[in-house]
Amino acid sequence: MQIHCDCISYTGTEHLLTVVFQVLNKTKEFEEAVKKVIKDVNLDNDIVVSVFETNIRVLGGLLGGHSVAIMLKEKGEYMQWYNGELLHMAKELGYKLLPAFNTTSGLPYPRVNLKFGVRHPEARTGTETDTCTACAGTLILEFAALSRFTGTSIFEEYARKALDFIWEKRQRSSNLVGVTINIHTGDWVRKDSGVGAGIDSYYEYLLKAYVLLGDDSFLERFNTHYDAIMRYISQPPLLLDVHIHKPMLNARTWMDSLLAFFPGLQVLKGDIRPAIETHEMLYQVIKKHNFLPEAFTTDFRVHWAQHPLRPEFAESTYFLYKATGDPYYLEVGKTLIENLNKYARVPCGFAAMKDVRTGSHEDRMDSFFLAEMFKYLYLLFADKEDMIFDIEDYIFTTEAHLLPLWLSTTNQTISKKNTSTEYTELDDSNFDWTCPNTQILFPNDPMFAQSIREPLKNVVDKSCPRGISRAEESLGSGPKPPLRARDFMASNPEHLEILKKMGVSLIHLKDGRVQLVQHAVQAASSLDAEDGLRFMQEMIELSSQQQKEQQLPPRAVQIVSHPFFGRVVLTAGPAQFGMDLSKHKAGTRGFVATIKPYNGCSEITNPEAVKEKIALMQRGQCMFAEKARNIQKAGAIGGIVIDDNEGSSSDTAPLFQMAGDGKNTDDITIPMLFLFNKEGNIILDAIREYEAVEVLLSDKAKDRATIFKGKMIPNYIIDSNLEMENMDQKSSENDSHKPNSEEAPSESQDAGAVSEEPEGGGESSAVGAPDPLSPASAASASAPVADQDPHASGPAEAGAPEPACTPGDSQPQEQNAQTEASSKAHWDSKVQPMESILADWNEDIEAFEMMEKDEL
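What you are looking at is a predicted structure, and each value in this text was computed from that prediction instead of being measured.

Visitor: It is not clear to me how the packing of aromatic side chains should be interpreted in this structure. Could you clarify?
Guide: Both the distance between ring centres and the angle between the ring planes are used here to describe each pair of aromatic rings. Tallied over the full model, the rule gives 31 aromatic pairs. Taking the centre distance of 6.3 Å and the plane angle of 15° together, the rings of Tyr283 and Phe313 count as stacked. Of the two residues, Tyr283 sits in helix H11 (residues 272-289) while Phe313 sits in helix H12 (residues 312-324), which places them 30 residues apart along the sequence. By relative accessible area, which is 6% here, Tyr283 ends up buried. Residues Phe291 and Tyr343 carry aromatic rings whose centres are separated by 6.3 Å and whose planes lie at 80° to one another, so their mutual orientation is edge-to-face.

Here you go:
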């Protein structure tokens, strides 16, 4: 697994200025990094960038670097040559972002060309109409700091205007804001509201803008929103999205990982108890999966399995420890570090997790991992004497850059307006006009925090019992919904009449399924519309539950032989027959061998090569179960079926399950896994290069300590690890700090159980075509809901390259016998193995160019 060191110029700005000094206190290295940035970084490029991402990462990085540089210069030992060069670069970048604000609303376009602006013919942007709330509402700290540092007020003015517009467009009855807004009209495009993706840092910047700038209006706005969040969204320990117009109705049954920042913000607010509750719930999810999945359901199942090494949970852990002094949070931090080193560490850095269930990797390491994760973990364990400056004199931006608090009294060119009459009167004793002092609001007693955490310690394993929904609670003992999803039959005329009354229409699809669509305006009454919405939500949950019951989780193929040593993990499809790897935690380990015939559809002609090995075969021409029986008869201890569809990949295709042949398959006792063509070629390429390739078939990837337990670890592994420690940590830049609030999610668990047919290798579903009269078929199609976009914010963009050797010819080759002398020379090498693996892991970097798209 190699992280491509493909940092474009402005990516390096954040890396060099934040990691080297602010996290590790390497003052000399920081000084050298500043010189390199000044010398090498060019901002005048014909490139379309995200306004939001460029602001928080690049502008914030330059300003944070400038803050540290002038602090060091004042101390008199370092940076004596510095003359505000980073600030000049920040100002240049600020002017390049200003064309994005050329809208009637004052909300910025989501993207801008650094060279040509927005509407220039060569800009290739300026046609967008929507932006997310966080995109437009997460500018004030960096823009105000730039104005205060330079004395140029225009930056702060533009950021304030955007915040003012969002505040004016809040839903007045609920005081909530939606996820996506039209930048020209101010209409809400997505009307669901939460504290996760698409909104998160808007709330964060309201409170922190008050801290940095001292303007009471920002705190008043935050308190108004916070009251609504705790009234509608907070369902301890959960934080569930709701509809801004109907906040008593949940908009979804899952949570995204970005909400993990919220306990840290609650600490800054001074509301510690719910912060402890939510943080503990998230920690239990992490203990179950090693990392926080990109999204998980209310019963703590994986919804999106990716984990791009997000730092929000570490951030909240740091703030809770600062507030409570409870050593428990040091143990939490220790767990995070151990999991990173066990499961994410690779030769060139740390790799994002493609699937937390299997431990497979993505070939990417986002800059926020360096800018935030390292910083918060370092600060969590750092003593006061480890710091050469007082961290309390600074405020963290959303990207963990440091801005000095003395900016509040510098270059105050913006007049403060007394707008207190615009705000709702709130009855909350914590809503003072100063930052709450957590030492007063929260007794600094670890046992108090423990008493809050204790009831939640088994919340994930036991799963939360489904409570009464907000809507059901509001109905009390009143009438129940006239039709429940579990009772619905598409052939029942009475049921169809009830659907019509609720504004739900039924569409028959060509494949025999039916699709349900609700239009609230067509309901007989507002109460019927709410019943229809509830029915649709129940139907979606029912369909999702039925799909999960039919699915098996993905499995892992881990290459454990030289020179991979467990670092390459491939996502594999399971089989509905043979050994259940989830019940055999040790998995099946052995060297791989290509069978003859390669399709495995007749008696194996090279059994001596297959015996006691894991057989490789090609998909097609017969049933999967028939292949398994043939290799088992030849003495194989396991099998891997490689897709014959050229270019197929687990990056882009849904999980594939191998079904039986419709007969009893109890006679098959060996494990069988399925690899798409791209992943299969990785093993075939490894065979061509190294001949003897050993793999581990398991339910999830094992850490190297487990793999080599009880075995002699060759010296070259140690040498390679030492070499890895000394390698420069570079990373691939990606604009994806937040999931895309406008893209449809690619359901990572959407698997189809498929078996192969004779004559041509066609597939037939192991589960029959859905009965158009059954409840399952009614919910199998998408069901848009009134006031709710069915496409929720999605995970990081699919298609990031899997860690791989250079793709080659997919046809298998004979394994030549390796002479003893060449084998000894090959295995005695202590330097070449790492060089070889890095050479073999050259990947096509075009996928990284696609990552320049904003994935908020």
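Visitor: What am I meant to see in the sheet that holds strand E12 (residues 302-304) here?
Guide: Picture the strands of a sheet paired through backbone hydrogen bonds; they go either parallel or antiparallel. Taking strand neighbours across the sheet as the criterion, the three strands line up as E10-E11-E12 in an open arrangement whose pairing is antiparallel. The sheet is open, and its two edges are formed by strand E10 (254-256) and E12, each paired on a single side. Pairwise comparison of adjacent strand axes, ignoring direction, gives a mean angle of 30° for this sheet. With two bridges joining them, strand E11 (residues 295-297) and E12 adopt antiparallel strand pairing. Opposite Ala295, over in E12, you have Trp304 as the bridge partner.

Visitor: Just checking my understanding: could you explain the pattern of salt bridges for this structure?
Guide: Opposite charge on two side chains lets them pair, provided their charged atoms get close. Counted by the stated rule, this structure contains 35 salt bridges. In this structure, Lys322 engages Glu392 in a salt bridge whose closest nitrogen and oxygen atoms are separated by 3.5 Å. With Lys322 in helix H12 and Glu392 in the loop between helix H14 (367-381) and strand E17 (394-396), the pair connects residues that are 70 residues apart, well separated along the chain. In this structure, Arg688 and Asp685 form a salt bridge, with 2.7 Å as the shortest nitrogen-oxygen distance. Of this pair, Arg688 and Asp685 both sit in helix H23 (residues 677-690), three residues apart, which is roughly one turn of the helix. A residue is classified by how much of its surface remains accessible, and Arg688, at 25% relative accessible area, is partly exposed.

Visitor: I would appreciate a short explanation of unusual backbone geometry in the present structure.
Guide: Excluding glycine, residues mostly have negative phi values, and the peptide bonds linking residues are mostly trans. In this structure, Pro237 follows Pro236 across a cis peptide bond, with omega equal to 0°. Mapped onto the fold, Pro237 is located in the loop between strand E7 (234-235) and strand E8 (238-239). Located in the positive-phi region is Arg124, a residue other than glycine, with phi close to 60°. Note on placement: Arg124 falls in the loop between strand E2 (111-113) and strand E3 (130-132). Residue class for Arg124 comes out exposed when judged on its relative accessible area of 53%. If you check the backbone angles, Ala400 has positive phi at about 65° while not being a glycine. Relative to the elements of secondary structure, Ala400 occurs in the loop between E17 and strand E18 (402-404).

Visitor: What is the right way to look at empty space enclosed by the protein in this model?
Guide: It is the rolling of a water-molecule-sized probe over the atoms that shows where space remains empty. Per the counting criterion, the structure on display carries nine cavities of 30 Å³ or more. One number sums up the size of the largest cavity: a volume of about 150 Å³. Taken together, 15 residues form the lining of the largest cavity, with Ile286, His307, Arg310, Leu336 and Met373 sitting closest to its centre. Residues that form the lining of the largest cavity fall into these classes: nine nonpolar, four polar and two charged. Counted as a void, the second largest cavity has a volume near 100 Å³. Lining of the second largest cavity is provided by 14 residues; of these, Lys342, Tyr343, Gln558, Gly566 and Lys702 occupy positions nearest its centre. The residue inventory of the lining of the second largest cavity, partitioned by class, reads four nonpolar, four polar and six charged.

Visitor: So what exactly am I meant to see when it comes to the state of the cysteines here?
Guide: Working definition: the covalent bond between the sulfur atoms of two cysteines is a disulfide. Across all of its chains, the model carries two disulfides by this definition. Paired through a disulfide, Cys132 and Cys135 show a sulfur-sulfur distance of 2.2 Å. Its S-S torsion of approximately 90° makes the covalent link between Cys132 and Cys135 right-handed. The residue that forms a disulfide with Cys601 is Cys622, at a sulfur-sulfur distance of 2.1 Å. Measuring the twist about the S-S bond at about -85°, one finds the Cys601-Cys622 disulfide to be left-handed. Within this pair, whereas Cys601 is found in the loop between strand E23 (588-594) and helix H21 (607-610), its partner Cys622 is found in the loop between strand E24 (614-618) and helix H22 (624-633), the two being separated by 21 residues in sequence. With relative accessibility at 2%, the residue Cys622 sits in the buried group. Disulfides within the protein link the bonded cysteines, taken in sequence order, as 1-2, 3-4.

The rules behind the values
Residues numbered from 1 in each chain as written. Predicted model: local features only at pLDDT ≥ 70, side-chain atom pairs only at ≥ 80, totals over all residues. Heavy atoms only, no water. Phe/Tyr/Trp six-rings, centres within 6.5 Å; stacked < 30°, edge-to-face > 60°. Helix = DSSP H or I, 4+ residues; strand = E, 2+ residues; numbered from the N terminus. Buried < 20%, exposed > 50% of the residue type's maximum accessible area, 1.4 Å probe, protein only. Pairing = 2+ DSSP bridges. Axes fitted to C-alpha atoms, helices over the stretch in contact; angles between N-to-C directions. Salt bridge = Lys/Arg side-chain N within 4 Å of Asp/Glu carboxyl O. 1 Å grid on protein atoms, 1.4 Å probe; cavity = no way out; pocket = protein on both sides within 12 Å on 5 of 7 lines; lining within 4 Å. Points joined across faces, edges and corners; volume = space filled by probe spheres on them. Nonpolar A, V, L, I, M, F, W, Y, C, P; charged D, E, K, R; others polar. Disulfide = S-S within 2.5 Å.

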